[in-house]
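Given next are the chains, with one letter for each unit.
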Amino acid sequence: MILHELISYDVLRVIWWLLLGILLVGFAVTDGFDLGAMALLRATAKTDVERRVVINTVGPVWEGNQVWLILGGGAIFAAWPQLYAVSFSGFYLAMFAILVALILRPVAFKFRSKRDEPAWRNAWDWVLCISGIIPALIFGVAVGNVLLGVPFRFSDDLRIYYDGTFFGLLTPFALLCGLVSLAMLVMHGAAWLVFKTEGDVAVRASRFGAGAAVLTTVLFALAGVWLAMGINGYVITSAINPVGPSNPLAKTAAVQGGAWLANFRAAPVLWLLPALGLLLPLVTAMGMRARREWLTLLASGLSIACIILTVGAAMFPMILPSSVDPRFSLTVWDSSSSHVTLFIMLVCTVIFLPIILAYTTWVYRVLRGKVDPMAIIEGRTHSY
């Protein structure tokens, strides 16, 4: 038996769909608190020392957290090449805006402390704040557009054409999804600040975080009702061949009202995901009020995971629907790499993902504890 045949093609496709979801959740939960904390920088920290405290909560770990983004991009490129081609070309300007924000963040970390002038540091504080808000908002807008359908099409020889524009992405529902994303990452950033700081910064973070947590529940509920009652989903209408070649044109599909709820009706246990996505932000808010730091951070991270997994559960087996023609939509069964490629990548993942988890755990253990303002003032430790 050839080695890659130990796992069938259809199983490998589902495994990589699950792994893609895990990588997205990993990025949202880890780098999410970086983005949220920076979005709150000017609201939670009023003095230069306080702002250095906030920056030092994420400064030592943000690079490791972005490994999840790199892994996610690499997984899309290698496991779902057509998804990579459509999303990274069609969403080019949006991706560029995210990358500019993510690039400016470490520049601001390094340059902010190079001069003592208040105007200089204030300018870089604004850069850090905006670098947290923009990616959080755009990631949510992207998810909203995926649920609505993306204007792409294939020619008969499988060349991809994107018919949309950047401003065409800014529809009301997509912007609502962007606000859900921004609110939940601000909540998570606040939970991290409560976990890593003391005094006035923690008090302000708790206040803003509790508000963001309640807003997350409200906006997520509103988006769910809108999706159920006003947004059509996509369904495959032809026979499905889970081990067939990756050719999106080999199927037929249709737009159908309520289709994004079909999986929940077929497997009622999936309703736990949106239910927890609504409940856990409220638990986060209560944890902030009670100053239960571990509970707050855990509930915040789990709520983000449940909200993201709700979208994945609703869409399966769709990955990227086409609003031009439903049959162009990309699914788990017709847009993956080859059987051999998926198997080799899985072997590499089994080897390297535990290593990444191990060193990430070690780093967080070494850097455990709260940031000490006096250590920053006296220069007893390296700080930003």
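Computed from a prediction, not measured in an experiment: that's the story for all the values here.

## Overview of the packing of aromatic side chains
According to the stated counting rule, one finds 18 aromatic pairs in the structure shown. Relative to Trp124, the ring of Trp120 has its centre 5.9 Å away and its plane inclined at 70 degrees; by these criteria the two rings are edge-to-face. Here Trp120 and its partner Trp124 are both found in helix α8 (residues 118-148), four residues apart, which amounts to about one turn of the helix. The exposure class assigned to Trp124 is buried, which follows from its relative accessible area of 15%. A centroid spacing of 5.5 Å and a plane angle of 75 degrees characterise the contact between Phe173 and Trp226, whose relative ring orientation is edge-to-face. A residue pair is termed long-range when its members are at least 10 positions apart, and Phe173 in helix α9 (residues 172-196) and Trp226 in helix α10 (residues 199-230) qualify at 53 residues. By relative accessible area, Trp226 is classed as partly exposed at 34%. When the ring centre of Tyr9 is taken as reference, the NZ or CZ atom of Arg13 above it lies at 3.9 Å.

## So, the confidence of the model for the protein chain
In this model, the protein chain carries a mean pLDDT of 90, and residues with pLDDT of at least 70 account for 97%. Mean pLDDT values for the elements of the protein chain range from 71 in helix α15 (residues 373-378) up to 96 in α9.

## Observations regarding the environment of Val332
Relative to the elements of secondary structure, Val332 occurs in the loop between β6 (330-331) and α14 (339-366). With twelve residues separating them in the primary sequence, Val332 and Ile344 have C-alpha atoms 18 Å apart. Residue contacts for Val332: discarding those within four places in its chain leaves Arg13, Val14, Trp17, Trp80, Phe316, Pro317 and Ile319.

## Some points on the packing of helix α1 (residues 9-39) against helix α7 (residues 92-112)
Orientation of α1 relative to α7, taken along the N-to-C sense of each, is 65 degrees, at an axis distance of 13 Å. Judged by the angle between their axes, α1 and α7 are roughly perpendicular. Two packed elements cross with a definite hand, and for α1 against α7 that hand is left-handed. On α7, the residues touching Asp31, Asp34, Leu35 and Met38 of α1 are Leu102, Arg105 and Phe109.

Rules used throughout
- Residues numbered from 1 in each chain as written.
- Predicted model: local features only at pLDDT ≥ 70, side-chain atom pairs only at ≥ 80, totals over all residues.
- Heavy atoms only, no water.
- Phe/Tyr/Trp six-rings, centres within 6.5 Å; stacked < 30°, edge-to-face > 60°.
- Helix = DSSP H or I, 4+ residues; strand = E, 2+ residues; numbered from the N terminus.
- Buried < 20%, exposed > 50% of the residue type's maximum accessible area, 1.4 Å probe, protein only.
- Lys NZ or Arg CZ within 6 Å of the ring centre and 35° of its normal.
- pLDDT = per-residue confidence, 0-100.
- Contact = heavy atoms within 4.5 Å.
- Axes fitted to C-alpha atoms, helices over the stretch in contact; angles between N-to-C directions.
- Parallel < 35°, antiparallel > 145°, perpendicular 65-115°, else oblique.
- Left-handed = near helix turned anticlockwise from the far one by under 90°.

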